[in-house]
Number of protein chains: 2
Amino acid sequence: MAAEASNKQITLKNYVTGFPKESDLEVKITTTRLKVPEATPNAILVKNLYLSCDPYMRNRMSKLEGSYIDSFIVGSPIIGLGVAKVIDSTNPEFKKDDLFWGFTGWEEYSLITDTQSLFKIQHTEVPLSYYTGILGMPGMTAYAGFYEICSPKKGEKVFISAAAGAVGQLVGQFAKLLGCYVVGSAGSREKVDLLKNKFGFDEAFNYKEEEEDLNAALKRYFPEGIDIYFENVGGKMLEAVLLNMRLHGRIAVCGMISEYNLEKPPGVQNLFNLISKRIRMEGFAVFDYYHLYTKFLEMILPHIKEGKVDYVEDIAEGLENGPAALVGLFSGRNVGKQLVVVAHE
Amino acid sequence: MAAEASNKQITLKNYVTGFPKESDLEVKITTTRLKVPEATPNAILVKNLYLSCDPYMRNRMSKLEGSYIDSFIVGSPIIGLGVAKVIDSTNPEFKKDDLFWGFTGWEEYSLITDTQSLFKIQHTEVPLSYYTGILGMPGMTAYAGFYEICSPKKGEKVFISAAAGAVGQLVGQFAKLLGCYVVGSAGSREKVDLLKNKFGFDEAFNYKEEEEDLNAALKRYFPEGIDIYFENVGGKMLEAVLLNMRLHGRIAVCGMISEYNLEKPPGVQNLFNLISKRIRMEGFAVFDYYHLYTKFLEMILPHIKEGKVDYVEDIAEGLENGPAALVGLFSGRNVGKQLVVVAHE
């Protein structure tokens, strides 16, 4: 008879419109048998260790129809990326104590029946939490977005919005390693300070508290214009960037977080610049690039060990603090990669 | 002593805001000596035959600052692409009676001192006027935009706006030659009829008079979505297209004529689809592709001679009818490529 354990869960209370609130999520206590149920082949029962808070999750909190992604189920634990440890397995690919990262539930223990998209963790000489960030989806996003979409060249001028976030901080460091001039925008002095003094950006500015006129700010930092824009926010920032792009510039469209909580986001002006400056603007999704994950690890692990790349995490301790951490993404409360510790091992 | 000739000109009366009117242009009669002035090396004196009316010219009618293109000069003949014949030359590359296409003045006779961007006409077994359209800039635009920017594949679903225009009619025929499913939009029944019955589009619709809901129209013609959008208009059409693009779709941004006469065009919504559908949207300018012109002629000339590609021109006879022809572009009055005949030979 397998042990039963208390299983704390974060569930969605109701579909969200506008900005999500902590109260849209609920902490529930259930119990779980710490064993894959009988007659459930190819499944694993896992203990969740670290959960990732990512902007795309906002979308799944809405009632979606015909979207590229499914809505969360009201009353059930929300789903996200995380790092977990196998407790029991009927899957020949996984055995007890294996570590992996991939989609799991926001709860202490999860039963996972679709294991296809999980990544086994082989390198444990780095913090395990890194697999929610620099070594996980955000790291791969920065890598694919910068190297595969931006076609960067040494000496080019690179601008990154939401630059202190999980992805932006890495894009900036990749661009510096290549020999680019790099400027980031962020929403607080603390973040701007991080960009300049920890991540080695050439310049950074506080779009929220110190720059009324984004066009003027960009003109100041890029008197000759922007070759590459790594887009995380959309809206007014994109409008200002379009005015400041150089001929044959590239815009990698990774996210548009400024729009996710608006029922009807205002339209984006200045798109005519796409023609007059012959700009390539390309949206991408990290899962199209996971075949490069091994190559990515070979590049990034030495950089981490040699201290050539830094990574800042914003860590919420305890699953019960998950809702505040997740919701905080949309007001920019987090400094660096936001994650939630469910258990340290 | 060289002959003097009367030289009718079309000049810009004042910088334009909003929709241009015929009265923004003026017919002037001057006289010109039919000889390159003394001590003017490398110049040609030309007789203009056909002048091209192109949407980009609207931009030059405004007072521009820091644009990618210069404003026309008030009081002087406006400049455009045209077909002309050399009358006198001090340029070793050109001799009397040579024909070429390139930038010239809207007047009967022009002195051209910068001959660098002129294309000599070698093939005269086709109508000379074609060098304002299918064999000139619009033809190259369709060719470069479709083959170089859209990355088209057989069987893909292609949508073209302003499809009966100088560029759109060719893009659609190129796409059909490749084996694509092709739908075009245009602003009158006559144009829709041309698209379906002359250019062989699979479907066409009248966005102006018969389709209130562009999104619904696109859903009807593209139940599985659009792979390639050849963008000539911008605004509401682009918004509707973004909702109907398929995964990994491509948008070649050639023009945004719906916005050229608006002081402050409304912004474009639905850009988040760039991410969710991983769309590449790329602006381009034909002059980046003129090195392919010879290759283009080798492809298109046989198609014309064998009747595999058709081209419809809207011909205004007489320079004095140029202002109405040019202004008519912006209300969609023209059917096919709009040009002005100054002289037939």
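A few points on the structure. Values in this document were obtained by computation on a predicted structure and should not be read as measured data.

### Regarding the overall build of chain A
Right, on to step 1. In terms of helices and strands, chain A carries nine helices and 15 strands.
Right, on to step 2. In terms of overall dimensions, chain A is globule-like: its C-alpha atoms have a radius of gyration of 21 Å, near the 20 Å expected for 345 residues.
Right, on to step 3. Counting the 345 residues in chain A, one finds 61% classified as buried.
Right, on to step 4. If you take every contact in chain A between residues at least 6 apart in sequence, the share linking residues at least 24 apart comes to 68%.
Right, on to step 5. Per element, the accessible surface of chain A, about 14,200 Å² overall, is 50% carbon and sulfur.
Right, on to step 6. The centroid of the 37 positive side-chain charges in chain A is displaced by 3 Å from the centroid of its 43 negative side-chain charges.

### Observations concerning the interface of chain A and chain B
Right, on to step 1. The interface is formed by 30 residues belonging to chain A together with 30 residues belonging to chain B.
Right, on to step 2. Both faces combined, the contact of chain A with chain B buries some 2,500 Å², and carbon together with sulfur accounts for 63% of it.
Right, on to step 3. The largest share of the area that chain A buries against chain B comes from F272, I275 and R278 of chain A, three residues that together contribute 23% of it.
Right, on to step 4. Viewed at the interface, chain B and chain A are joined by two salt bridges.
Right, on to step 5. Measuring nitrogen to oxygen at the nearest pair gives 2.8 Å for the salt bridge that ties R278 of chain A to D288 of chain B.
Right, on to step 6. At the level of secondary structure, the elements contributing two or more residues to the side of chain A that touches chain B comprise strand 12 (245-253), helix 7 (273-276) and strand 13 (280-283) of chain A.
Right, on to step 7. Residue composition of the side of chain A that touches chain B, grouped by class: 18 nonpolar, seven polar and five charged.
Right, on to step 8. Bridge count between strand 13 of chain A and strand 13 (residues 280-283) of chain B: three bridges; the pairing is antiparallel.

### Side note on the pairing of strand 13 of chain A
All names here are of chain A.
Right, on to step 1. Judged by which residues are buried, strand 13 turns out to be covered on both faces: R280 and E282 on one side and M281 and G283 on the other are all buried.
Right, on to step 2. Relative to strand 13, strand 12 is paired through four bridges, and the arrangement is parallel. Of the residues in strand 13, the one forming a bridge with V253 is G283.

### So, the nonpolar core
Across soluble globular proteins, nonpolar side chains show a tendency to be buried alongside one another.
Right, on to step 1. If you look at the biggest cluster of nonpolar residues, it comprises 85 residues, and the most contacted ones within it are W106, L135 and I300 of chain A.
Right, on to step 2. In this structure L135 of chain A touches W101, V126, Y130, Y293, F296, L297, I300, L301 and I304 of chain A, once residues within four positions along its chain are discounted.
Right, on to step 3. Core analysis: the second largest hydrophobic core is formed by 84 residues, L49, V192, F296 and L326 of chain B among them.

### Examining the pattern of salt bridges
All names here are of chain B.
Right, on to step 1. Applying the stated rule across the entire model yields 36 salt bridges over all chains.
Right, on to step 2. Linking D88 and K35 is a salt bridge whose minimum nitrogen-to-oxygen distance equals 3.8 Å. Of this pair, D88 sits in strand 4 (residues 79-89) while K35 sits in the loop between strand 2 (25-33) and strand 3 (44-52); the two residues are 53 residues apart in sequence, bridging distant segments of the chain.
Right, on to step 3. Exposure remark for D88: the relative accessible area of 16% places this residue in the buried category.

### So, the state of the cysteines
Right, on to step 1. Tallied over the entire structure, the rule returns zero disulfides over all chains.
Right, on to step 2. Distance from the sulfur of C53 of chain A, which forms no disulfide, to the nearest cysteine sulfur (C254 of chain A) is 17 Å.
Right, on to step 3. Just so you know, C254 of chain B is unpaired, no disulfide at all, and the nearest cysteine sulfur is the one on C150 of chain B, 9.6 Å from it.
Right, on to step 4. The exposure class of C254 of chain B is buried, given its relative accessible area of 17%.

### Overview of the sheet that holds strand 9 (residues 181-186) of chain A
Backbone hydrogen bonds are what pair the strands of a sheet, in a parallel or an antiparallel way.
Right, on to step 1. Strand order in this open sheet of 12 strands is 10(A)-9(A)-8(A)-11(A)-12(A)-13(A)-13(B)-12(B)-11(B)-8(B)-9(B)-10(B), and the pairing throughout is mixed. Taken across any chain shown, the strands that pair with only one partner, and hence form the sheet edges, are strand 10 (203-206) of chain A together with strand 10 (203-206) of chain B. When the angles between neighbouring strand axes are averaged without regard to direction, this sheet yields 15 degrees.
Right, on to step 2. Relative to strand 9 (residues 181-186) of chain B, strand 8 (residues 157-160) of chain B runs parallel, the two sharing four bridges.

### So, unusual backbone geometry
Right, on to step 1. Within the chain, N42 of chain A stands out as a residue other than glycine whose phi angle is a positive 60 degrees.
Right, on to step 2. Despite not being glycine, A39 of chain B shows a phi value in the positive range, around 60 degrees.
Right, on to step 3. Along the polypeptide, A39 of chain B turns up in the loop between strand 2 and strand 3.
Right, on to step 4. For A39 of chain B, a relative accessible area of 84% gives the class exposed.

### Some points on the packing of aromatic side chains
Each aromatic ring pair is specified by the distance between its two centres and by the angle formed by the two planes.
Right, on to step 1. Taken as a whole, this structure holds 38 aromatic pairs over all chains when the rule is applied.
Right, on to step 2. Judged by centre distance (6.0 Å) and plane angle (75 degrees), the ring pair of Y130 of chain A and Y311 of chain A falls under edge-to-face. Residue Y130 of chain A is found in the loop between strand 7 (119-120) and helix 2 (137-149), and its partner Y311 of chain A is found in the loop between helix 8 (293-305) and strand 14 (313-317); the two are separated by 181 residues along the sequence.
Right, on to step 3. Ring plane angle 85 degrees and centroid distance 5.6 Å describe the contact between Y181 of chain B and F222 of chain B, whose orientation is recorded as edge-to-face. Within this pair, whereas Y181 of chain B is found in strand 9, its partner F222 of chain B is found in the loop between helix 5 (214-221) and strand 11 (226-231), the two being separated by 41 residues in sequence.
Right, on to step 4. Residue classification places Y181 of chain B among the partly exposed residues on the basis of a relative accessible area of 24%.
Right, on to step 5. Assessed through its relative accessible area of 2%, F222 of chain B is described here as buried.
Right, on to step 6. Linked through ring pairs, W101, F119, Y143, F146, Y147, F174, Y290, Y293 and F296 of chain A together constitute an aromatic cluster.
Right, on to step 7. It is K120 of chain A that lies over the ring of F94 of chain A; its NZ or CZ is 5.2 Å from the centre.

### A look at the packing of helix 5 of chain B against helix 6 (residues 235-244) of chain B
Helix-helix packing: each pair is described by the crossing angle between the helix axes and the interaxial distance.
Residue and element names in this part refer to chain B.
Right, on to step 1. Packing of helix 5 against helix 6 brings their axes to within 9 Å, and their N-to-C directions diverge by 45 degrees. When the axis of helix 5 is compared with that of helix 6, the two are oblique. Regarding helix 5 and helix 6, the two cross each other, and that crossing is right-handed. Between helix 5, through L214, N215, L218 and K219, and helix 6, the contact on the second element is made entirely by K236, M237, A240, V241, L243 and N244.
Right, on to step 2. Counted by class, the contact of helix 5 with helix 6 contains six nonpolar, two polar and two charged residues.

### Details of the pairing of strand 14 of chain A
Residue and element names in this part refer to chain A.
Right, on to step 1. Sheet analysis places strand 14 next to strand 15 (residues 337-341), joined by five bridges and oriented parallel. Looking at the pairing, D314 lines up with Q338 of strand 15.
Right, on to step 2. Between the parallel elements strand 14 and strand 15, the chain passes through helix 9 (residues 322-328) in a crossover that is right-handed.

### A few points about the relation of the copies chain A and chain B
Right, on to step 1. Laying chain A over chain B is done by rotating through 180 degrees and shifting 0.0 Å along the axis; what remains is an RMSD of 0.0 Å. What the rotation and shift describe, once combined, is the action of a two-fold rotation axis. Measuring from the rotation axis to each C-alpha of chain A, the shortest distance belongs to G267 of chain A, at 1.9 Å.

Cut-offs used in this document
- Residues numbered from 1 in each chain as written.
- Chains lettered and ligands numbered in written order.
- Predicted model: local features only at pLDDT ≥ 70, side-chain atom pairs only at ≥ 80, totals over all residues.
- Heavy atoms only, no water.
- Helix = DSSP H or I, 4+ residues; strand = E, 2+ residues; numbered from the N terminus.
- Rg over C-alpha atoms; globule rule 2.2 N^0.38 Å.
- Buried < 20%, exposed > 50% of the residue type's maximum accessible area, 1.4 Å probe, protein only.
- Contact = heavy atoms within 4.5 Å.
- Areas by Shrake-Rupley, 256 points an atom, 1.4 Å probe, with all protein chains shown as cover.
- Lys, Arg positive; Asp, Glu negative; His and termini not counted.
- Charge placed at Lys NZ, Arg CZ, Asp CG, Glu CD.
- Buried area = accessible area lost by both parts, 1.4 Å probe.
- Salt bridge = Lys/Arg side-chain N within 4 Å of Asp/Glu carboxyl O.
- Nonpolar A, V, L, I, M, F, W, Y, C, P; charged D, E, K, R; others polar.
- Pairing = 2+ DSSP bridges.
- Core = buried A, V, L, I, M, F, W, Y, C linked by side-chain atoms within 4.5 Å.
- Disulfide = S-S within 2.5 Å.
- Axes fitted to C-alpha atoms, helices over the stretch in contact; angles between N-to-C directions.
- Phe/Tyr/Trp six-rings, centres within 6.5 Å; stacked < 30°, edge-to-face > 60°.
- Lys NZ or Arg CZ within 6 Å of the ring centre and 35° of its normal.
- Parallel < 35°, antiparallel > 145°, perpendicular 65-115°, else oblique.
- Left-handed = near helix turned anticlockwise from the far one by under 90°.
- Right-handed = clockwise from strand over helix to strand, strands pointing away.
- Least-squares fit on C-alpha atoms with pLDDT ≥ 70 in both.

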